[in-house]
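# Structural description and commentary
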Amino acid sequence: MPDDLHRRYQEAHTAHQEHARTCTTCTDTSRCFVGARLYETFTRLQDAYLTRQRQQRR
């Protein structure tokens with residue numbers, strides 16, 4: 001059974017990367033409104049996934 005959290009985390013990462021590749025405003029340290037939203041979603045899902053992974057190893 002596929003892990004829904006992992007899938008959403010990876011999709012958010014892909015969306016952020018695709019946006020960053022084409023956005024002329026976003027940099028590594030500064031993001032446009034859309035880029036900031038995509039990055040925040042990616043980091044939030046990544047944190048949730050990694051936290052769950054750590055908890056499962058205990």
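Structure's up top.
Reading guide: rules and limits
- Residues numbered from 1 in each chain as written.
- Predicted model: local features only at pLDDT ≥ 70, side-chain atom pairs only at ≥ 80, totals over all residues.
- Heavy atoms only, no water.
- Helix = DSSP H or I, 4+ residues; strand = E, 2+ residues; numbered from the N terminus.
- Expected span 1.5 Å × (residues − 1).
- Buried < 20%, exposed > 50% of the residue type's maximum accessible area, 1.4 Å probe, protein only.
- Arc of directions from axis to C-beta.
- Contact = heavy atoms within 4.5 Å.
- Polar contact = N/O pair within 3.5 Å; in protein donor to acceptor, adjacent residues only side chain to side chain.
- Salt bridge = Lys/Arg side-chain N within 4 Å of Asp/Glu carboxyl O.
- Axes fitted to C-alpha atoms, helices over the stretch in contact; angles between N-to-C directions.
- Parallel < 35°, antiparallel > 145°, perpendicular 65-115°, else oblique.
- Left-handed = near helix turned anticlockwise from the far one by under 90°.
- Nonpolar A, V, L, I, M, F, W, Y, C, P; charged D, E, K, R; others polar.

The subject of this paragraph is helix α1 (residues 4-22). Helix length check: α1 (19 residues) gives 27 Å between terminal C-alpha atoms against 27 Å at 1.5 Å per residue, within 8%. Looking only at α1, the buried set comprises Leu5, Tyr9, Ala12, His16 and His19. Across the axial projection of α1, the buried residues extend over an arc of 95 degrees, all falling on one side. Residues of α1 that are exposed and point more than 90 degrees away from the buried face comprise Arg21 and Thr22. Along its buried surface, α1 packs onto α2 (33-57). The N-cap residue of α1 is Asp3: its side-chain oxygen and the backbone nitrogen of Leu5 are 3.0 Å apart.

With that settled, consider the pattern of salt bridges. This model, assessed by the stated rule, comprises five salt bridges. Across the salt bridge formed by Arg8 and Asp4, the nearest N and O atoms sit 3.1 Å from each other. With Arg8 and Asp4 both in helix α1 and four residues apart, the pair spans about one turn of that helix. Given a relative accessible area of 39%, Asp4 falls into the partly exposed group. Among the salt bridges present, the one from Arg7 reaches Glu11, with a minimum N-O distance of 3.0 Å. Of the two residues, Arg7 and Glu11 are both situated in helix α1; the distance of four residues between them amounts to about one turn of the helix. Classification of Glu11 by relative accessible area gives partly exposed; the value is 44%.

One can describe the packing of α1 onto α2 by two numbers: an axis separation of 8 Å at closest approach and a directional angle of 150 degrees. What the angle tells us is that α1 and α2 run roughly antiparallel. Here the hand of the crossing between α1 and α2 comes out left-handed. Along its contact with α1, which presents Leu5, His6, Arg8, Tyr9, Ala12, His13, Ala15, His16 and His19, the element α2 presents Val34, Gly35, Leu38, Tyr39, Thr41, Phe42, Leu45, Gln46, Ala48, Tyr49 and Arg52. Split by residue class, the contact of α1 with α2 holds eleven nonpolar, seven polar and two charged.

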